[in-house]
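# Working through the structure, step by step
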Amino acid sequence: MESMLCLLSPSPTKLPPFKKLTSFSASKTTFSSLSFASMIFSPQPKPSTKIRSSSKPTKTPSPKTPTTSTSAQESSTPVSLPLKKVLVPIGFGTEEMEAVIIVDVLRRAGAEVIVASVEPQLEVEAAGGTRLVADTSISKCANEVFDLVALPGGMPGSARLRDCEVLRKITIKQAEGKRLYGAICAAPAITLLPWGLLRRKQMTGHPAFMDKLPTFWAVASKIQVSGELTTSRGPGTSFEFALSLVDQLFGESVAKEIGQLLLMQADDDTQRKEEYNKVEWFFDHNPRVLLPIANGSEEIEIVAIVDILRRAKVDVVVASIENSVQILASQGIKIVADMLIGDAADSVYDLIILPGGHAGAERLHESKVLKKLLQEQDTAGRIYGAVCSSPAVLHRQGLLKDKRATAHPSVVTKLNIVSNGAKVVIDGKLITSKGLSTVTDFALAIVSKLFGHARTRCVAEGLVFDYPRS
């Protein structure tokens, strides 16, 4: 069995030394992810200026970002929620699932989240190879006051955060001011411990780094809250970690609502997957996967699928259907694709997967190049799949005919598809999922079909994700 530590992150590349940071803050337009069906099955509503009530927390994007509301966000009783300011720093080798899930979830809850690069440039290559573009440089945050500083893990990302003097001072000031700070995965041991910010605190971390934490204070729990400090274990516990931070910033009711929005259910006994018309997914070569992305695609789904498949040693190509390789995802995170869809179309793929996000799904549906690729994929009997709102794209192109599938709850009833509520549904060479928090099960189901249970279990352990032993 492959080592769990080897699956924590890819081998670090030679990294440039820290230089004076001169990057500037980037603004962006945010795509809402709350009402998939309204975008896919009817004309897009005109933007509204109403603010959602406390029962539907306002999503506040990154700094200087105008908010675009849809009918799903409107309320007859507008109220203002207290603004909470959050810093999420990233560096070379940061774990992308952790960084993106933290940002996505907190923005859904109404936090103003600033993603700051500790590198000389804004574009950062994460641990699994995903390229993220920060909102600003860490030097621009030195004099800001934050309600929360949340450190993603990953290696060598946690070491890059540790070696950033500006970030060290910000986080120490945060702790001294009795304001919230948190860290996940390798960051408690590699970043906070050398800064002296774990003294007299109970903490947890990734199993591969637990031996570096003070034995008396270290606990093997998914989430550990100790005063102003919150720590967690890894990519597989990122949703719980982010919701714990939401709870502390906005209260239990908001955290519960966001959890439901993400399809996270307490004491969830939903079946992981259903499979019909079972066939083997076997290749005599390393499987090649195409992941098309667009403005408005759901960033959680993009990074989770890419991260998990690459951990399993799948060759994943991320292709933008836009005119630029950089896209703006649904919650305002900027992601840089490997290439444009036109260039990707020159190759053959064993599997094509569509991420969700209602605006992104509509953009994917409009791509003539992608439509041709999907039709060729079906004609050749190769594998394809979609998550969240994107099964609607397959439906509109006639690729779900006589198939069992699933999708986001707001979409599934309109597709005339049949499933019994499982998170993931496989029908022959089609695979679909409800999306959002179920995307980890989706990606692991693909790994299982491609390589079997042993490798899937190993990848899940590296993620610190609960997965059946047999």
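Residues numbered from 1 in each chain as written. Predicted model: local features only at pLDDT ≥ 70, side-chain atom pairs only at ≥ 80, totals over all residues. Heavy atoms only, no water.

### Considering the overall build of the chain
Along its length, the chain carries 15 helices and 19 strands. Across the 470 residues in the chain, those meeting the buried criterion constitute 61%. Restricting the contact set of the chain to residue pairs at least 6 apart, pairs at least 24 apart contribute 74%. When the accessible area of the chain is evaluated, it comes to approximately 18200 Å², of which 51% is carbon and sulfur surface. (Helix = DSSP H or I, 4+ residues; strand = E, 2+ residues; numbered from the N terminus. Buried < 20%, exposed > 50% of the residue type's maximum accessible area, 1.4 Å probe, protein only. Contact = heavy atoms within 4.5 Å. Areas by Shrake-Rupley, 256 points an atom, 1.4 Å probe, with all protein chains shown as cover.)

### Some details on empty space enclosed by the protein
The gaps left among the atoms become clear once a water-sized probe is rolled over them. Taken as a whole, this structure holds three cavities of 30 Å³ or more when the rule is applied. Taken as a whole, the largest cavity holds about 80 Å³ of empty space. Forming the walls of the largest cavity are Ile90, Ala99, Val100, Val103, Arg107, Val115, Leu132, Val133, Asp135, Gly332, Ile333 and Lys334. Broken down by secondary-structure element, the contributors of at least two residues to the lining of the largest cavity are helix 2 (96-109) and strand 4 (131-133). The greatest single-element share of the lining of the largest cavity, amounting to four residues, is contributed by helix 2. Along the lines of polarity and charge, the residues of the lining of the largest cavity split into eight nonpolar, one polar and three charged. (1 Å grid on protein atoms, 1.4 Å probe; cavity = no way out; pocket = protein on both sides within 12 Å on 5 of 7 lines; lining within 4 Å. Points joined across faces, edges and corners; volume = space filled by probe spheres on them. Nonpolar A, V, L, I, M, F, W, Y, C, P; charged D, E, K, R; others polar.)

### Some details on the sheet that holds strand 12 (residues 315-320)
The eight strands are arranged 10-18-19-17-16-11-12-15 in an open sheet whose pairing can be described as mixed. Where the open sheet ends on each side, the last strands, each with one partner, are strand 10 (273-276) and strand 15 (339-340). Bridge analysis of strand 12 against strand 15 gives two bridges, and the strand direction is parallel. Bridging across to strand 15, Ser320 finds its partner in Leu340. (Pairing = 2+ DSSP bridges.)

### Describing helix 14 (residues 439-451)
Residues separated by three or four positions in an α-helix point in the same direction, a consequence of the helix having 3.6 residues per turn. Between the first and last C-alpha of helix 14 there are 18 Å, a value that for 13 residues agrees with the 18 Å anticipated at 1.5 Å per step. Of all 13 residues in helix 14, 12 are buried, a share of seventy percent or more. Considered for burial, the residues of helix 14 that qualify are Val439, Thr440, Asp441, Phe442, Ala443, Leu444, Ala445, Ile446, Val447, Ser448, Lys449 and Leu450. (Expected span 1.5 Å × (residues − 1).)

### Some points on the environment of Ala109
Along the polypeptide, Ala109 turns up in helix 2. The spatial distance from the C-alpha of Ala109 to the C-alpha of Val254 is 6.9 Å, given a sequence separation of 145 residues.

### Things to note about the pattern of salt bridges
Tallying each qualifying case throughout the model produces 24 salt bridges. Overlapping salt bridges bring together Glu95, Asp307 and Arg311 as one network. (Salt bridge = Lys/Arg side-chain N within 4 Å of Asp/Glu carboxyl O.)

### Here's the deal with the nonpolar core
Among the nonpolar cores identified, the biggest contains 84 residues, and Val105, Leu106, Leu309 and Ile353 are the most heavily contacted of them. The greatest single-element share of this core, amounting to nine residues, is contributed by helix 2. Ignoring sequence-local partners within four residues, the contact set of Ile353 consists of Val289, Leu290, Leu291, Pro292, Ile305, Leu309, Gly385, Phe442 and Ile446. Grouped together as the second largest cluster of nonpolar side chains are 31 residues, Leu87, Ala116, Ala175 and Leu198 included. (Core = buried A, V, L, I, M, F, W, Y, C linked by side-chain atoms within 4.5 Å.)

### Section: the confidence of the model for the chain
When pLDDT is averaged across the chain, the result is 86; 81% of the residues are at 70 or more. Under a pLDDT of 50 for its full length, residues 1-7 has, in the predicted model, 16 contacts with residues more than four places off or in other chains. Segment residues 9-79 is flagged for pLDDT under 50; beyond a separation of four residues in sequence, or across chains, it makes 182 contacts in the model. (pLDDT = per-residue confidence, 0-100.)

### Some words on the packing of helix 2 against helix 6 (residues 238-250)
Where helix 2 contacts helix 6, the axes come no closer than 9 Å and their chain directions differ by 35°. Both helix 2 and helix 6 take part in a crossing whose hand is right-handed. Contact residues: helix 2 offers Met97, Glu98, Ile101, Ile102, Val105, Leu106 and Ala109, while helix 6 offers Ser238, Phe239, Phe241, Ala242, Leu243, Leu245, Val246, Leu249 and Phe250. (Axes fitted to C-alpha atoms, helices over the stretch in contact; angles between N-to-C directions. Left-handed = near helix turned anticlockwise from the far one by under 90°.)

### Looking at the environment of Ile321
With respect to the secondary-structure elements, Ile321 resides in the loop between strand 12 and strand 13 (326-328). Overall, Ile321 belongs to the buried group, its relative accessible area being 13%. Sequence separation of Ile321 and Ala344 is 23 residues, and the distance between their C-alpha atoms is 9.9 Å. Not counting residues within four places of it along the chain, the set of residues in contact with Ile321 comprises Pro292, Ile293, Ala294, Ile341, Arg363, Leu364 and Ser367.

### Focus on the packing of aromatic side chains
Tallied over the full model, the rule gives one aromatic pair. An angle of 90° between the planes, with centres 5.2 Å apart, marks the rings of Phe216 and Trp217 as edge-to-face. Owing to a relative accessible area of 27%, Trp217 belongs among the partly exposed residues under this scheme. It is Arg455 that lies over the ring of Phe451; its NZ or CZ is 4.0 Å from the centre. (Phe/Tyr/Trp six-rings, centres within 6.5 Å; stacked < 30°, edge-to-face > 60°. Lys NZ or Arg CZ within 6 Å of the ring centre and 35° of its normal.)

### Quick word on helix 4 (residues 165-176)
Between its first and last C-alpha, helix 4 extends 16 Å over 12 residues, near the 16 Å set by a 1.5 Å rise per residue. What helix 4 keeps buried is the set Leu167, Ile170, Thr171, Ile172, Gln174 and Ala175. Structurally, helix 4 contributes buried residues whose contacts are with strand 1 (85-90), strand 6 (148-151), helix 3 (157-162), strand 7 (180-184) and helix 5 (187-192). Following helix 4 by one or two positions, Lys178 has its phi on the positive side, about 60°.

### Considering the pairing of strand 19 (residues 430-433)
Residues Leu430 and Thr432 point to one face of strand 19 and Ile431 and Ser433 to the other, with burial holding for every one of them. In the sheet, strand 17 (residues 383-387) pairs with strand 19 via four bridges, with the strands oriented parallel. Residue Gly385 lies in a different strand from strand 19, and its bridge partner there is Ile431. Across four bridges, strand 18 (residues 424-427) lies against strand 19 in antiparallel orientation. Note that in strand 19 the partner of Asp427 across the bridge is Leu430.

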